[in-house]
Amino acid sequence: MAGIRRRGRFGVSLGLARIERLLAGLDHPERRLHGALVAGTNGKGSVVALAGAVLRASGHTVGAMPKPHLVTYRERITIDGRMLSKAAFAAVVGRVLEEADAGAPEDGPPTEFEVLTAAGFLAMADAGVDLALVEVGLGGRLDATNASDLGVAAITTVAHDHERHLGRTLAAIGREKAAIIKPGDLAVTGASGGGLQPILARCAEVGAPLRRTGRGQAWEAVVIESGWEGVTVDLRTPEGRFADVRVGLLGSHQAANAAVAVALLDAIREDGARRGRPVTVDEATLRAGLAAARWPGRLERFPGAAAGRDVVLDGAHNPSGARALARALGELGVRRFPLVFGAMRGKRVTAVLRALAPLEPRPVFTAVADPHAHRSDELLRTWRHVAPEGRGPATGIVEPDPEAALARAASLPGHGPVVVAGSLYLVGAIRAGLTGEVPDP
């Protein structure tokens, strides 16, 4: 994995020139793929997980490129829900690195993300998948995944995140994401408010029919029940109403993601029909797939995993994600819980902590072993400015090592779960310890 890692896991170098040159050298594997490119501030991973589970239940071979990985790079490329074997992953990455190192273009060598993107396209094309579901990394317009045109483009939500790269306003962020919609595409979005207008404008510009989801739209999912086993929704589509549909992901916010996933599936079916590549999804497989969907590190529960206490992992790292987490925990009756919290620099940490503060968590601040991580004592200072007086402890605990932070949190009074949040990299570090998975060397 060293050949990938030296290119910098946390670095950002946006632009399409390097990835387009790399894909050309590999004989354009992305052109052999059809499916959907999925962008959005939050929810894109859940939408890919939900849509992929339904398509697999329907008998289709599905390739996916979820991101970021939690423990191992191999998570970034899956075929029918399974990571590539170590040997297969090493072989496909080796082919890409050989091409990447063949020349020295003036705009520099491909980044880690570009190598993994090319490897994903190549692995899925070589496997002959029926459909590819590709999650955008950052933004859209200049993201390496945007070198592909899979026929369907989806944008889940538009909210504030990565402002340094995407812009300070929802309109600016929306424009960056809307650029994944290409002429001839079918488009899907669950966006609303200030981020929606750029999507509408882009669809009009390129002539892309748009399926909108949400309240009052043609695709809508209304929450009936939310609990530890998932969410039950009433699903409404142009084809009719589907009552009491179980969604296997936790939190009522997954209803909105389910609506986007179902609209995405309808777009994939239409795109398949016009390409002469039929995609079949019936009610039975729709229900089975949505119920079976899982998405590691997003409200993922490990019963009794820390000194007999449940552990709940969630990668909420921006304000909208933190609000969704807080709402889900409130629905589950979780308050005054031990919170293991870490964050990467460049994130809106104050807003994230402010979203969680009304639940009166007992925070233990920590940091992953990377120079881009906020120091745990910095996070504690931020918390002391955020925690409302009289509504929870304004103090917190500093424990720089993540595993030690989990143990410390599990020892705090109370019977509720330990919640780990603030960074997917922190979630990955904790998850590796809980599952016994071995991180990449």
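Structural notes, computed from the coordinates. Computed from a predicted model, the values in this text were never measured in an experiment.

Here's the deal with the overall build of the chain
Within the chain, the secondary structure is distributed over 15 helices and 17 strands. For 441 residues, the compact-globule estimate of 2.2 N^0.38 gives 22 Å, and the chain sits close to it at 21 Å. Taken over 441 residues, the chain has a buried fraction of 58%. In the chain, 71% of the contacts between residues at least 6 apart in sequence involve partners at least 24 apart. When the accessible surface of the chain is totalled, it reaches about 17,400 Å², and 51% of it is carbon and sulfur. Distance from the positive charge centre (53 side chains) to the negative charge centre (47 side chains) of the chain: 4 Å.

A few points about the pattern of salt bridges
Overall, the coordinates contain 23 salt bridges when judged by the stated rule. Note that D271 is salt-bridged to R275, the shortest N-O span being 2.8 Å. Separated by 4 residues within a single helix, D271 and R275 lie in helix α9 (residues 254–275), roughly one turn from each other. Among the residues examined, R275 registers a relative accessible area of 35% and is labelled partly exposed. Between E378 and R375 there is a salt bridge whose closest N-O contact spans 3.6 Å. Overall, the relative accessible area of 17% leaves E378 in the buried class.

What to know about the nonpolar core
By size, the foremost hydrophobic cluster in this structure holds 49 residues, and its most contacted members are M124 and I181. One finds V47, V48, V231 and V260 within the second-largest nonpolar core, a separate group that totals 44 residues.

Structural notes on the sheet that holds strand β3 (residues 78–79)
Two pairing modes exist for strands in a sheet, parallel and antiparallel, and in both the strands are linked by backbone hydrogen bonds. Across the sheet, which stays open at both edges, the 8 strands sit in the order β4-β3-β2-β5-β1-β6-β7-β8 with mixed pairing between neighbours. At either end of the open sheet lies a strand with only one pairing partner, and these are β4 (82–83) and β8 (210–212). Here strand β1 (residues 35–39) runs beside strand β5 (residues 131–135); their pairing, made up of 4 bridges, is parallel. Considered in β5, the bridge of V38 is made with E135. Where helix α8 (residues 196–206) meets the sheet, it contacts β6 (151–155), β7 (186–189) and β8, and its direction lies at approximately 155 degrees from that of β8.

Brief notes about the sheet that holds strand β11 (residues 240–247)
Taken in spatial order, the 3 strands make up an open sheet running β9-β10-β11, and their pairing is antiparallel. A strand with exactly one partner marks an edge of an open sheet, and here the two such strands are β9 (220–227) and β11. On average, each strand axis in the sheet is inclined to that of its neighbour by 15 degrees, with strand direction left out of account. In this structure, strand β10 (residues 230–237) lies alongside β11, joined through 6 bridges in antiparallel fashion. Within the sheet, the bridge partner assigned to R236 lies in β11 and is R241.

Considering helix α11 (residues 319–331)
Taking 1.5 Å of rise per residue, 13 residues should cover 18 Å, and α11 covers 18 Å from first to last C-alpha, within 8% of that figure. Taken as a whole, α11 has its buried residues at P319, S320, G321, A322, A324, L325, A326, A328 and L329. Once α11 finishes, G333 follows within two positions and takes phi at roughly 75 degrees, a positive value.

Let's talk about the packing of helix α3 (residues 44–57) against helix α10 (residues 283–292)
Packing of α3 against α10 leaves a shortest axis separation of 7 Å and a crossing angle of 135 degrees. Our classification of the angle between α3 and α10 gives oblique. Here the hand of the crossing between α3 and α10 comes out right-handed. Residues L50, A53, V54 and A57 of α3 form the contact with α10, whose participating residues are T285, L286, G289 and L290. In terms of residue class, the contact of α3 with α10 is made up of 6 nonpolar, 2 polar and no charged.

Parameters and conventions
- Residues numbered from 1 in each chain as written.
- Predicted model: local features only at pLDDT ≥ 70, side-chain atom pairs only at ≥ 80, totals over all residues.
- Heavy atoms only, no water.
- Helix = DSSP H or I, 4+ residues; strand = E, 2+ residues; numbered from the N terminus.
- Rg over C-alpha atoms; globule rule 2.2 N^0.38 Å.
- Buried < 20%, exposed > 50% of the residue type's maximum accessible area, 1.4 Å probe, protein only.
- Contact = heavy atoms within 4.5 Å.
- Areas by Shrake-Rupley, 256 points an atom, 1.4 Å probe, with all protein chains shown as cover.
- Lys, Arg positive; Asp, Glu negative; His and termini not counted.
- Charge placed at Lys NZ, Arg CZ, Asp CG, Glu CD.
- Salt bridge = Lys/Arg side-chain N within 4 Å of Asp/Glu carboxyl O.
- Core = buried A, V, L, I, M, F, W, Y, C linked by side-chain atoms within 4.5 Å.
- Pairing = 2+ DSSP bridges.
- Axes fitted to C-alpha atoms, helices over the stretch in contact; angles between N-to-C directions.
- Expected span 1.5 Å × (residues − 1).
- Parallel < 35°, antiparallel > 145°, perpendicular 65-115°, else oblique.
- Left-handed = near helix turned anticlockwise from the far one by under 90°.
- Nonpolar A, V, L, I, M, F, W, Y, C, P; charged D, E, K, R; others polar.

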